[in-house]
Amino acid sequence: MSQSASTGRLTPYRAGWIHFTNVAPILDSLVLPPGVTAITGVPTQMNAALLSGQVDIANISAVEFIRNADVLEALPDFSVAVLGPVYSVNLFHTRPLEDLRRVALTAQSAMSVALLEVLLRERGLSPTLERAEGEAEALLAQGFDGVLRIGDSALREWYGVVGPLTPETTMTGLPHAARGITVTDLAEEWFRLTGHPFTFAVWAYRRDNPPPPELVQAMREARRDGIGHLADVAERHARKLGLPERVVQHYLWNFRYHLEAPDRLGLHEFAAKAVPGHAPLTFGPRPGEERARSAAD
Ligand SMILES: C=C(O[C@@H]1C=C(C(=O)O)C=C[C@H]1O)C(=O)O
């Protein structure tokens, strides 16, 4: 429960979690404090739930945080970011990027679409972008020459194209192309372009409705536990995904979950490219500063 300073009334607080495997190290062992409830969904659903007020906090697509920076604030130390390849935000294509004509986008994702638009613009490319759901290979067979996919299914499809991992290979050593399909990892492209991490998600809330400190504390404890037991998290999720444990373990340790200075740099750089003229990005008090701020209020 969060307690209103003016009325002393306890008010429920609602969370909306994008529960892809990449947030399992934070969410799997999260114990919600009393009064906090949670729903789950894909990125575009959680973005909409936060903006419509259906939930009070969500790990949303960073681009929606940027677009709505006038009303939203983000936790200062939580992110889903990577430096280099991410493995689960993939453009599957059958022609070189320069020759793409029709690209299928997923309606699940705001961030990857915005990132793809930036990367295409930087190369002076403008293929037709259309929404279409389904497996990448099936859509490629139906006349699309590029298919953008994210999350668990994109990770599985990536591995289906470029795997298997053998004792001699590593994730980064796997090919980018097989069976006539090239997989372009958009986070790796971003790294090539900028040399910075790419921040896919932040934990955002309306500035006038910050999360109760007990929830943030519980999230920090859950993250410490998840990262400390990454092999167990990977094993559990490898089984669910039908992927080798080594693949999922590499996938998970590759993420940057603390919105550190390089992740903010990447976030600001992306914001300037994707949403010129956006309102300043604001972040809540850093760990340990919550008390100081509420005392000052
Ligand atoms: C890297 C990923 O990150 C997710 C991708 C998002 C998006 O595309 O809008 C939003 C939140 C992230 O957690 C992924 O799921 O593959």
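Structural notes, computed from the coordinates. (Residues numbered from 1 in each chain as written. Predicted model: local features only at pLDDT ≥ 70, side-chain atom pairs only at ≥ 80, totals over all residues. Heavy atoms only, no water.)

1. Observations concerning the overall build of the protein
Looking only at helices and strands, the protein features twelve helices and 13 strands. Against the 2.2 N^0.38 benchmark of 19 Å for 297 residues, the protein shows a C-alpha radius of gyration of 19 Å, consistent with a compact globule. In terms of overall dimensions, the protein has a C-alpha envelope of 65 × 45 × 30 Å along the principal axes. Here the analysis covers contacts within the protein between residues at least 6 apart in sequence; of these, 76% occur between residues at least 24 apart. Accessible area for the protein stands at about 13,000 Å²; split by element, carbon and sulfur atoms hold 53% of it. Positive and negative side-chain charges in the protein, numbering 28 and 34 respectively, have mean positions lying 2 Å apart. (Helix = DSSP H or I, 4+ residues; strand = E, 2+ residues; numbered from the N terminus. Rg over C-alpha atoms; globule rule 2.2 N^0.38 Å. Contact = heavy atoms within 4.5 Å. Areas by Shrake-Rupley, 256 points an atom, 1.4 Å probe, with all protein chains shown as cover. Lys, Arg positive; Asp, Glu negative; His and termini not counted. Charge placed at Lys NZ, Arg CZ, Asp CG, Glu CD.)

2. Quick word on the sheet that holds strand β6 (residues 72-82)
With mixed pairing, the five strands of this open sheet are ordered in space as β4-β3-β5-β13-β6. In the strand order of this sheet, the two ends are held by β4 (36-41) and β6, each with one partner. The average angle at which neighbouring strand axes cross in this sheet is 30 degrees, direction not considered. Looking at chain direction, β6 and strand β13 (residues 198-206) are connected through seven bridges and run antiparallel. Across the sheet, the residue bridging to L72 is R206, located in β13. (Pairing = 2+ DSSP bridges. Axes fitted to C-alpha atoms, helices over the stretch in contact; angles between N-to-C directions.)

3. Concerning the nonpolar core
Among the nonpolar cores identified, the biggest contains 101 residues, and F65, W158, F200, W203 and F270 are the most heavily contacted of them. When residues of this core are assigned to their parent elements, the largest contribution, eight residues, is made by helix α4 (residues 111-122). If you count residues domain by domain, this core takes at least three from each of domain 1 (2-83 + 197-296) and domain 2 (89-194). Residues within four places of F270 in sequence aside, it is in contact with V63, I66, M111, A114, L115, V118, W190, F198 and V275. (Core = buried A, V, L, I, M, F, W, Y, C linked by side-chain atoms within 4.5 Å. Buried < 20%, exposed > 50% of the residue type's maximum accessible area, 1.4 Å probe, protein only. Domains from an automatic or database assignment.)

4. Points about the pattern of salt bridges
Inspection of the entire model under this criterion finds 17 salt bridges. For R14, the salt bridge is made with D56, and the minimal N-O distance between the two is 2.8 Å. Residue R14 is located in strand β3 (residues 13-18), and its partner D56 is located in the loop between α2 (43-52) and β5 (57-61); the two are separated by 42 residues in the primary sequence. Note on R14: relative accessible area 32%, which makes it partly exposed. Between R220 and D77 there is a salt bridge whose closest N-O contact spans 2.7 Å. With a gap of 143 residues between them, R220 in helix α8 (residues 213-228) and D77 in strand β6 connect regions that are remote in the sequence. Assigned by exposure class, R220 and D77 land together as buried. By sharing partners, the salt bridges in this structure join E98, R123, E189 and R192 into a single network. (Salt bridge = Lys/Arg side-chain N within 4 Å of Asp/Glu carboxyl O.)

5. Overview of empty space enclosed by the protein
This structure, assessed with the given rule, holds two cavities of 30 Å³ or more. Looking at the largest cavity, its volume works out to about 220 Å³. Contributing to the lining of the largest cavity are 20 residues, with F20, N22, P43, I150 and F200 lying nearest its centre. When residues of the lining of the largest cavity are assigned to their parent elements, the largest contribution, three residues, is made by β5. Tallied by class, the residues present in the lining of the largest cavity amount to 13 nonpolar, seven polar and no charged. The calculated volume of the second largest cavity comes to roughly 60 Å³. (1 Å grid on protein atoms, 1.4 Å probe; cavity = no way out; pocket = protein on both sides within 12 Å on 5 of 7 lines; lining within 4 Å. Points joined across faces, edges and corners; volume = space filled by probe spheres on them. Nonpolar A, V, L, I, M, F, W, Y, C, P; charged D, E, K, R; others polar.)

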